[in-house]
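Results of the structural survey
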Amino acid sequence: MIELPLKSPPPPLSPVTFDVARPTVTELSNGLKVIVFENQRLPLVNVRLGFFSGDVHDPNGHTGLTSAMASLLGEGTENYSSRQFAAKIERLGASIGSSSSDDFTTLSGSSLSLYLNELLELLAEMLLRPSFPEDELDLYRRNTVDHLKFQRSQPPFLANEQASRLIYGNHPYSVVSPTPADIESIGREHLVKLHRERLVPNNAILLVVGDVETRDLIPEIEERFGQWQPRPIPDHVATEPVPAAGRTLAIVDRPGSAQSNILLGNLAIRRTDPDYFRLLVMNQVLGAGASSRVFMNLREEKGYTYGAYTRINARLLAGDLEATAEVRNDVTGDSLREFYYELERIRTDRVGDDELNDAKNFLTGVFPIRVETQEGLTGMLFNQYLYGLDEDYLQTYREKIAAVTSDDVLEAARKYVRPDEMAMVIVGDAEAVRPQAAGFAEHIEIFDTDGSKIG
Amino acid sequence: MSHSFRLPPLEIQEHTLENGLRVVLNKDNAIPVVSIAVYYNVGSRNERDDRTGFAHLFEHMMFQGSENVPKAGHFQYVMKAGGTMNGTTSSERTNYYETLPADQLPLGLWLESDRMRSLAVTQENLDNQREAVKEEKRLRYDNQPYGQIFDLINEMIYKNFANSHSTIGSMEHLDAASVDDIRDFFRVYYAPNNAVISISGAFDPAEALALVDRYFGDIPAQPVPPVIDVSEPSEVALNYREWHDPLAPFPAFLIGWKIPARRTPEFYALYLAGKILYDGDSSRLYQKLVKGDESVIQLFGFTDERRGPSSIFVGAIPKPERDLSQIREVIMDEIHDLAAHGPTAEEMEKIENQLINDAVRMRQSSMTRAQAIAEFALYDGDAHLINTELEELLAVTAEQIRYAVGTYLNTENRALLDVVPAGRG
């Protein structure tokens, strides 16, 4: 045998420091906050417009309206048909998109920096001059109704639908999708009104990241977005979701399913909660990655699944903690038992120093990897400003992770991992799953894939 | 080219260790991270006909420990150093990669070298990973609507077993795999002379080369693996098949054509033809089918790039009650038009800008660069191709696209897979 030079992992080389610069923030006279991050490394640019209105602000009785409005912005404007608009963008090699999430509405564009002005022009066109043509709305309605049907063939959607209902109760986050009837009822006048009321400069941020000169860019932005008129925006009333009283199991019956999709979840924190970093580290120990506890247990030791994870879903108004895995039918009950074992263990036993440091080192170490691409950096900056995080959020991110202690992790686990009130959702063959899962729940409901309760 | 756009070339150094390991270094200090990609010249194309899925099962075994790294230690070492990692298997190759903070380059090299030198194979680990792979197969293929259609159409396009069988393999073959099979496979294919290691990011090239030599230099070379034949007749194996999918909510179809190998002028021309036909909202088929006729819910297409005969696909999920044959006629009409008249000047301008945009964008990430460079080094023996590929693509003319579409797509020599929903109601 060869004598090996090194039997143990080598020490690192000398560390290389990495600092993220701060962007410049300018407010236009109409209230639009413009954030510019110069990055001349490659001739690229990313632009995002974010609005503090999302799906949760859909007017009463119009679930899906914000999403429809966002989706239709580029499908016909005062100056271009949908087809002409798509051709204009793609001839630049650029891409433009618009969509809504629970809390926000976003327009995004990226291109070679030599086309920055054309990109801004096209974003301004779809933002300020959409025409919402009847034929495009009609196509949107029909495609969306088909899409709603299609997503019912996807187990993750079905699991998320039931989990959100159980976790969020009467809170708007409990609704993850409009119904076909919601979509059918969307009229052009609703889109025009919502666009006029919500997509206003005093409700928005504009972020530009890339190969730009701020002093040249601001006048270009002024020219295209300066005349955009502010108007008062309706107050958004935020309600608090109410924690569940006990364990409810919802089974979505998918006869013949080769696997069970398991989703366990309970309420946790808002994105701005001071406990965010503690919970982030706790989640890294528990289940965020391939070296976390639930993955090591359910996949590496037991071979029940291809992947088992936990995640924190911290949004603007509320948030939750979820554990998920897709397991073969006959180990559904065994998988639940192992999940609950890990969920209890992190609440009772203090995490050891090595495991804590491993989790923290991962979170601080991947930070430069996450901002290596312009898209990655843009995403982080955009979230910072949308969620209203500290001005030095990216500069102090790693310090805040490093400061988390084992006491913090234990406290976060006791506060936010609550196995006794977790919603339990299983998408799979009900006949196979029910006997295995029944012992874990106080109350069982069975649904079909259409979302109707059948037992 | 209407633009005088020139990308500065990536800095590339190529070396070969005495044991045959090819080393490619791409220094770029913009962000203090480093990516390592190890590419082994083995994929599903090398599998025996009674061991389908083996190359991929083996990939899982590479995370199960080696002489100095415990089971699952690879994940843990990389993650606690603040890195990310994974491995993937295709018909062509198996790759392993990690991105780390720049100062952790030695760790990444040590981990990769330890498993290239001394993979630990136990019956227990094999049984456990066999189960994980079966769950992966259930998750991605068996339990997904339309999850099996690409494996099915490959069997229709290719006649040669090396090309036609699936990478995920069959449950029976996975069950049959033994510890001895794993050991043989390791010895034959996981030798330094059958691999490329590519490093991209912030590092000193002389120091990196010294580290590679230290960790990999004494791993013995092995006899060259058996040569495989991936040649194909030009005819597809099967023109038509109907597939009853119990999970599909709607009917769907997929058309596949057999086309020349990657990096041939014909492949490049067809890759660009694909952009014109199905890429983006301004593409011809999106405008015809999603917009104009409003007949499909979803349209998709892509090229499968291989060293041997390759393929191109167009698929659609039509709206309920739509006549599938009419939709296919629209697709073939558009192909016929492209074969007759070629792309328009606007389409050529779009392609040019998209190619430049894609080339600049892929250079941002050290991992994307390391992988692209490793592929050129492994498949073509020349990592510097990363610096000339854009120009090769930009040099493709409208006439070449017209001709390639006429020769390879405008033909009855294609495979058509019809998906029929076979669930309840």
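Looking only at helices and strands, chain A has 16 helices and 12 strands in total. Its C-alpha radius of gyration of 24 Å places chain A within 12% of the 23 Å reference for a compact globule of 455 residues. Overall, the C-alpha framework of chain A stretches about 60 × 60 × 45 Å when taken along its three principal axes. The 455 residues of chain A split such that 49% are buried. Sequence-distant contacts, at least 24 apart, represent 79% of the contacts inside chain A between residues at least 6 apart.

Here the focus is the packing of helix H1 (residues 54–61) of chain B against helix H8 (residues 179–189) of chain B. All names here are of chain B. For the pair H1 and H8, the least separation of the axes is 11 Å and the interaxial angle reads 90°. One element, H1, and the other, H8, form an angle in the roughly perpendicular class. Where H1 abuts H8, its residues Phe54, Phe58 and Met61 lie against Asp181, Ile182 and Phe185.

Attention shifts here to the nonpolar core. Generally speaking, soluble globular proteins have nonpolar side chains that are buried together. Ranked by size, the top nonpolar core spans 257 residues in total, and within it Leu123 of chain A together with Ala273 and Ile373 of chain B carry the most contacts. Residues in contact with Ala273 of chain B, not counting those within four places in the same chain, are Leu338, Ile401, Ala404 and Val405 of chain B.

As a further point, take the pairing of strand S3 (residues 33–40) of chain B. All names here are of chain B. In terms of residue burial, S3 counts as a mostly covered element, since eight of its eight residues are buried. Side chains of S3 alternate between two faces, with Val33, Ser35, Ala37 and Tyr39 and Val34, Ile36, Val38 and Tyr40 buried alike. Sheet analysis places S3 next to strand S5 (residues 94–101), joined by eight bridges and oriented antiparallel. Across the sheet, Val33 pairs through a bridge with Pro101, a residue of S5.

So, about the domain arrangement of chain A. All names here are of chain A. Partitioning chain A into structural domains gives domain 1 (24–225) and domain 2 (248–447). Centre-to-centre, using C-alpha coordinates, domain 1 lies 29 Å away from domain 2. Across the contact, 25 residues belong to domain 1 and 27 residues belong to domain 2. At the level of secondary structure, the elements contributing two or more residues to the side of domain 1 that touches domain 2 comprise strand S2 (33–38), strand S3 (44–51), helix H5 (155–168) and strand S6 (204–210). Residue contributions to the side of domain 1 that touches domain 2 peak at eight residues, all from H5. Class assignment for the residues of the side of domain 1 that touches domain 2 results in 16 nonpolar, six polar and three charged.

About the criteria used
- Residues numbered from 1 in each chain as written.
- Chains lettered and ligands numbered in written order.
- Predicted model: local features only at pLDDT ≥ 70, side-chain atom pairs only at ≥ 80, totals over all residues.
- Helix = DSSP H or I, 4+ residues; strand = E, 2+ residues; numbered from the N terminus.
- Rg over C-alpha atoms; globule rule 2.2 N^0.38 Å.
- Buried ≥ 20, exposed ≤ 12 C-beta atoms within 10 Å, placed from the backbone.
- Contact = placed C-beta atoms within 7 Å.
- Axes fitted to C-alpha atoms, helices over the stretch in contact; angles between N-to-C directions.
- Parallel < 35°, antiparallel > 145°, perpendicular 65-115°, else oblique.
- Core = buried A, V, L, I, M, F, W, Y, C linked by C-beta atoms within 7 Å.
- Pairing = 2+ DSSP bridges.
- Domains from an automatic or database assignment.
- Nonpolar A, V, L, I, M, F, W, Y, C, P; charged D, E, K, R; others polar.

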